[in-house]
Amino acid sequence: VVAAIAAVAASTLAGLLMERLAYRPIRGAHEIAMLLTSFSVTILLENLAIILFKPTSRPFPAPAFLRSAIEAGSLRLASLDLIAIVIAGVLLAGLTLFVTRTRIGVSMRAASEDLLAARLMGINVNAVIAAAFAIGSFLAGVVGLLWSARVGKVDPLMGFNPVLKAFVASVIGGLGSLPGAVIGAYILGGLEILLQGLLPSALTPYRDAFVFVILIALLLFRPNGIMGSTEKEKI
Amino acid sequence: MQMKPLDRGFPRAIVRIIPAAVLLAALGLLLAASDFLAGDYIRRIVIGIGINIVLVVSLNLSNGFTGVFSLGHVGFMAIGAYAASICTLPVTLKAMNLPALPGWLSGLALPFLPATLVGLSLMRLKGAYVSVATLGFLVIVQVVLVNWDQLTRGARTFAGVPPHTTVWNAWIWAVLTVYLAWRIGRSPFGRDMRAARDNEIAARSLGISVMRSRLLAFCASAFLTGVAGSLWAHFITSFSPKSFFFTQAFAIITMLVIGGLGSVSGSVIGVALITIVSEILRNAERGLTIGALVIPPIYGASQILMAVLFVLIIVFRPQGLLGGKEIDPGLIARRIFPPTRRRDGPPDHGKDAA
């Protein structure tokens, strides 16, 4: 448990550091520049991890109680899955409350909508965005723990696919909308499982292609994501 | 008393041709030197720069001029590479007689169809949404390549592609791409593209068909990227679907952004800079001795340094090195050798651009 707390704290700290070094200097730059910066930060961290911890994957020692399963009638649930679901629910509820009910959460949304106006309203934008990064990295750290416990091993490049999927899901749902992110995640996950089951076996290797075709189609009908604002750009 | 401009000037036609001619001649000399005099290592770097110029300049055509940021161009590169290799590979005999011609052609033609399809559907999206959708396209290409075993050998390495790429055909395409991008950028189409990028609503209200200009840029760019893919395939001679994924995409985009979005000369500079720097870093990675200082080999360090470099450039020059401007050899030449002024109208502006 101590190790888990330390791990999450470390990822939170790393997030804060990244914000200060890489993102704050380009505040207000083109969103593409930010996207690219985040990719290069990813590459940086991955390679750092490769150098520090060797590129081979190593086992993740999950405590025994996580590996047990709970049986209820004919239903069999890995306790880890259950814990993951509960943690996701708690974190999500907490995040929603935080973003809508607390001062800093509201400032955060204000800053994402209009940086300049938020600043004019006396919001300390830097502090708010740093807080957002801290929370984001904290959540990612928690996910990292759950994920490694589920997969049973860790390696430096393990984060890439989940993050890509998370990014895609949040865009599909509509950037800046929590319910959108949840819906996006459900759509992505649901599509993957459904297609895995429904596609004829000759086509199952192509599953990811189908998933993305459907996602692109979704974007065509809702160009700003499912829960994204439909507000027209003003001149 | 003022001297008449007519007496001092140089004939316009010559002044207009000279810079391009001088550049081409210098380039030709350099290439010849690298082809005939330098060793294999240098030659490979020179070819690599040529191919990367095609890649980056063509990406600039779509991402820089129209502002629709595609992350999926590597997908077109993959299509070009696989198409060219598949067409040249099984008919080894034919390839000997007809050097790579059918391969080139298919590498050229094939990316066009998906580009039109993708372009038609995606060019209406904006910002991060386009990036995700094109990323989706890349994933789709990737999945198809991995799974279409009979044609692509699946995830295994596709080896034994005839090495047809030379310094010369790589650089002919590079020059051609630069010229095309330059011309398109200055044509009415190019103006439409940039107008729609800078203010879509204003552009629409002036009657610019945003869709048409974006689609043109996207397809032209996909076409050239496909060419680069086939050049690359005949250069590397063995590759797998993994060669055309995120690392490659990121490398190209880094060069593009560092050179400056929307600047053709910037792209060329970005390519040269990154290729040379990363080559130096890659050698340094194997360990290095500077005087008494011995640095042990740290694999992966070059990627870290590149990422840091990229962030630094974004921080200090968010617009890239050239920031959308061009280094125009013609303009420089006109500064040095002022052409004769024509009697009518303003001296030199406007005409070249048309």
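Each remark here, short or long, concerns the structure printed above.
The structure displayed is predicted, hence computed values, not measured ones.

K.L.:
Which parts of the structure should I look at to understand the overall build of chain A?
P.N.:
Within chain A, the regular secondary structure consists of 10 helices and 4 strands. Traced from its N-terminal end to its C-terminal end, chain A shows the element sequence α-α-β-α-β-β-α-α-α-α-β-α-α-α. Put simply, 57% of the contacts in chain A that link residues at least 6 apart link residues at least 24 apart. Total accessible area on chain A stands at roughly 14200 Å², and carbon and sulfur atoms take up 71% of it.

K.L.:
Please clarify how helix H9 (residues 178–198) of chain A should be interpreted in this entry.
P.N.:
Side chains of residues three or four places apart in an α-helix project in the same direction, reflecting 3.6 residues per turn. All names here are of chain A. Helix length check: H9 (21 residues) gives 29 Å between terminal C-alpha atoms against 30 Å at 1.5 Å per residue, within 8%. For H9, the complete set of buried residues consists of Gly180, Gly184, Leu188, Leu191, Glu192 and Leu195. Projection of H9 onto a plane perpendicular to its axis shows the buried side chains occupying an angular sector of 105°, all on one side. Turned more than 90 degrees off the buried face of H9, the exposed positions are Tyr186, Ile193, Leu194, Gly197 and Leu198.

K.L.:
Got a minute to help me understand the pattern of salt bridges in this structure?
P.N.:
Proximity of charged atoms lets side chains of opposite charge pair with each other. Residue and element names in this part refer to chain B. A complete count under the given rule lists 3 salt bridges over all chains for this structure. We note a salt bridge from Asp198 to Arg197, for which the minimum N-O separation is 3.0 Å. Taking relative accessible area as the criterion, Arg197 reaches 30% and is therefore assigned partly exposed. Glu200 is the salt-bridge partner of Arg214, the closest N and O atoms lying 3.6 Å from each other. Placement of Arg214 in helix H13 (residues 210–236) and of Glu200 in helix H12 (residues 200–205) is noted, with a sequence separation of 14 residues between them. For Arg214, a relative accessible area of 7% gives the class buried. With relative accessibility at 17%, the residue Glu200 sits in the buried group.

K.L.:
Any chance you could explain the environment of Gly50 of chain B here in plain terms?
P.N.:
Residue and element names in this part refer to chain B. Considering the arrangement of structural elements, one finds Gly50 in helix H3 (residues 40–66). Measuring from C-alpha to C-alpha, the distance between Gly50 and Ala84 comes to 18 Å, with 34 residues separating the pair along the chain. Apart from residues no more than four positions distant in its own chain, Gly50 is found in contact with Ala170, Trp171 and Ala174.

K.L.:
Would you mind showing me how to read the packing of aromatic side chains here?
P.N.:
Note on aromatic pairs: each is described by the distance of the centres and the angle between the planes. Residues and elements named next belong to chain B. Within this structure, the stated rule accounts for 2 aromatic pairs over all chains. For the pair Phe76 and Phe137, a centre-to-centre distance of 4.9 Å together with 35° between the ring planes defines the contact as tilted. Separated by 61 residues along the polypeptide, Phe76 in helix H4 (residues 73–88) and Phe137 in helix H8 (residues 127–147) bring together distant segments of the chain. In this structure Phe137 comes out as buried when scored by relative accessible area, which is 9%. Above the ring of Phe65, the side-chain terminus of Arg194 is found at 5.4 Å from the ring centroid.

K.L.:
Would you mind going over the nonpolar core with me for this structure?
P.N.:
Most often, soluble globular proteins have nonpolar side chains that are buried together. Judged by nonpolar contacts, the single largest core of 105 residues is most densely connected at Leu215 of chain A together with Ile51, Trp171, Phe239 and Phe244 of chain B. Excluding residues within four positions of it along the chain, Phe239 of chain B makes contact with Ala81, Tyr82, Ser85, Arg156, Thr157, Phe158, Val161, Trp232, Ala233 and Phe244 of chain B. With 8 residues, the next largest nonpolar core counts Met108, Ala111, Ile123 and Ala131 of chain A among its residues.

K.L.:
Sorry, what's going on with the environment of Val46 of chain B here?
P.N.:
Residue and element names in this part refer to chain B. Note that Val46 resides in helix H3. By relative accessible area, Val46 is classed as buried at 14%. Sequence spacing of Val46 and Leu113 is 67 residues, and the spatial spacing of their C-alpha atoms is 31 Å. Apart from residues no more than four positions distant in its own chain, Val46 is found in contact with Leu31, Ser34, Val167 and Trp171.

How each quantity is defined
Residues numbered from 1 in each chain as written. Chains lettered and ligands numbered in written order. Predicted model: local features only at pLDDT ≥ 70, side-chain atom pairs only at ≥ 80, totals over all residues. Heavy atoms only, no water. Helix = DSSP H or I, 4+ residues; strand = E, 2+ residues; numbered from the N terminus. Contact = heavy atoms within 4.5 Å. Areas by Shrake-Rupley, 256 points an atom, 1.4 Å probe, with all protein chains shown as cover. Expected span 1.5 Å × (residues − 1). Buried < 20%, exposed > 50% of the residue type's maximum accessible area, 1.4 Å probe, protein only. Arc of directions from axis to C-beta. Salt bridge = Lys/Arg side-chain N within 4 Å of Asp/Glu carboxyl O. Phe/Tyr/Trp six-rings, centres within 6.5 Å; stacked < 30°, edge-to-face > 60°. Lys NZ or Arg CZ within 6 Å of the ring centre and 35° of its normal. Core = buried A, V, L, I, M, F, W, Y, C linked by side-chain atoms within 4.5 Å.

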